[in-house]
Amino acid sequence: MDNWIVKQLRHHFHNPNYLVFLLSLVSLILLPPLANLNVSSSVLLNINFGFVLFMAAIYTSNNIRELYILLLIGTILFALFIINQYNDVFNFINAILTLVFFHFVLWNLVKHILNSKTICANDIYASISGYLVLGVVAADFFFLIESTIPNSFNIEGETNLYEFIYFSFTTLTSVGYGDILPI
């Protein structure tokens, strides 16, 4: 059994499949606007965020050490994300760890894309995933600014990461509706 697991990990590290990771990122972006922010949808969004963290750790790590590091940071992030919904100190720590986690993921995606000798569908999935991770990193950066300097953005009511994901992607795509603005 252990030999089979080692064989599967070696195969994965040499032939990663980014389609599942891409689909998890798309769910992170599309699911929050579709869900009303009540208790059951909040649980669904938390599970979705945990799934994205797990998929990022599995699909973007290049060796077993990176896998363990990403799984450890991802587990801590998920626990903080569940525990700290309204605590400013935990929000700050969570934002910093999220930046570290997704920067590491983005770095691994860029390395994979640059080291690719031929273009295949998997490289296109990795490129799109990199673009989406860039949006998530920017959203977390905006969230970090808002939690450090309150009212940095003209958002009414409680702010959460999903509002900044929306703002990040409307900015990245240059749509810029103007409903959320930096002050």
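The notes below deal with the structure included here. Keep in mind the model is a prediction, meaning the values are calculated, not measured.

With respect to the environment of threonine 170
Here threonine 170 is to be found in helix H7 (residues 161-172). Overall, threonine 170 belongs to the buried group, its relative accessible area being 10%. Once the C-alpha coordinates of threonine 170 and glycine 135 are considered, the two residues, 35 residues apart in sequence, prove to be 9.5 Å apart. In this view, threonine 170 contacts Val175, Gly176 and Tyr177; residues no more than four positions away in its chain are not counted.

Overview of the nonpolar core
Formed by 42 residues in total, the largest nonpolar core has its most connected members in Phe21, Phe101, Phe102, Val105 and Val133. Elements that contribute at least two residues to this core include exactly helix H2 (19-34), helix H3 (39-60), helix H4 (64-83), helix H5 (88-115), helix H6 (121-148) and H7. Per-element accounting of this core gives the leading share, nine residues, to H6.

Thoughts on the packing of H6 against H7
The N-to-C vectors of H6 and H7 enclose an angle of 125°; their axes lie 8 Å apart at closest approach. As the angle between them shows, H6 and H7 are arranged oblique. Classified by chirality, the crossing of H7 by H6 is right-handed. In this structure, H6 contributes Tyr131, Leu132, Leu134, Gly135, Val136, Ala138, Ala139, Asp140, Phe142, Phe143 and Glu146 to the contact, and H7 contributes Leu161, Phe164, Ile165, Phe167, Ser168, Phe169 and Leu172. Here the contact of H6 with H7 is composed, by residue class, of 14 nonpolar, two polar and two charged.

A word on H7
Helix length check: H7, at twelve residues, gives a terminal C-alpha distance of 16 Å against a target of 16 Å (1.5 Å per residue), a fit within 8%. Directly after H7, the chain includes serine 174, whose backbone phi takes a positive value near 60°.

Details of unusual backbone geometry
Of note, asparagine 151 is a non-glycine position whose phi angle comes to about 65°, a positive value. You can see asparagine 151 is positioned in the loop between H6 and H7. Judged by relative accessible area, which is 58%, asparagine 151 ranks as exposed. In this structure, serine 174 is a non-glycine residue whose phi angle is positive, near 60°. With respect to the helices and strands, the residue serine 174 is situated in the segment after H7. The class of serine 174 is exposed, set by a relative accessible area of 64%.

What counts and how
- Residues numbered from 1 in each chain as written.
- Predicted model: local features only at pLDDT ≥ 70, side-chain atom pairs only at ≥ 80, totals over all residues.
- Heavy atoms only, no water.
- Helix = DSSP H or I, 4+ residues; strand = E, 2+ residues; numbered from the N terminus.
- Buried < 20%, exposed > 50% of the residue type's maximum accessible area, 1.4 Å probe, protein only.
- Contact = heavy atoms within 4.5 Å.
- Core = buried A, V, L, I, M, F, W, Y, C linked by side-chain atoms within 4.5 Å.
- Axes fitted to C-alpha atoms, helices over the stretch in contact; angles between N-to-C directions.
- Parallel < 35°, antiparallel > 145°, perpendicular 65-115°, else oblique.
- Left-handed = near helix turned anticlockwise from the far one by under 90°.
- Nonpolar A, V, L, I, M, F, W, Y, C, P; charged D, E, K, R; others polar.
- Expected span 1.5 Å × (residues − 1).

Keep in mind these values describe shape, not function.
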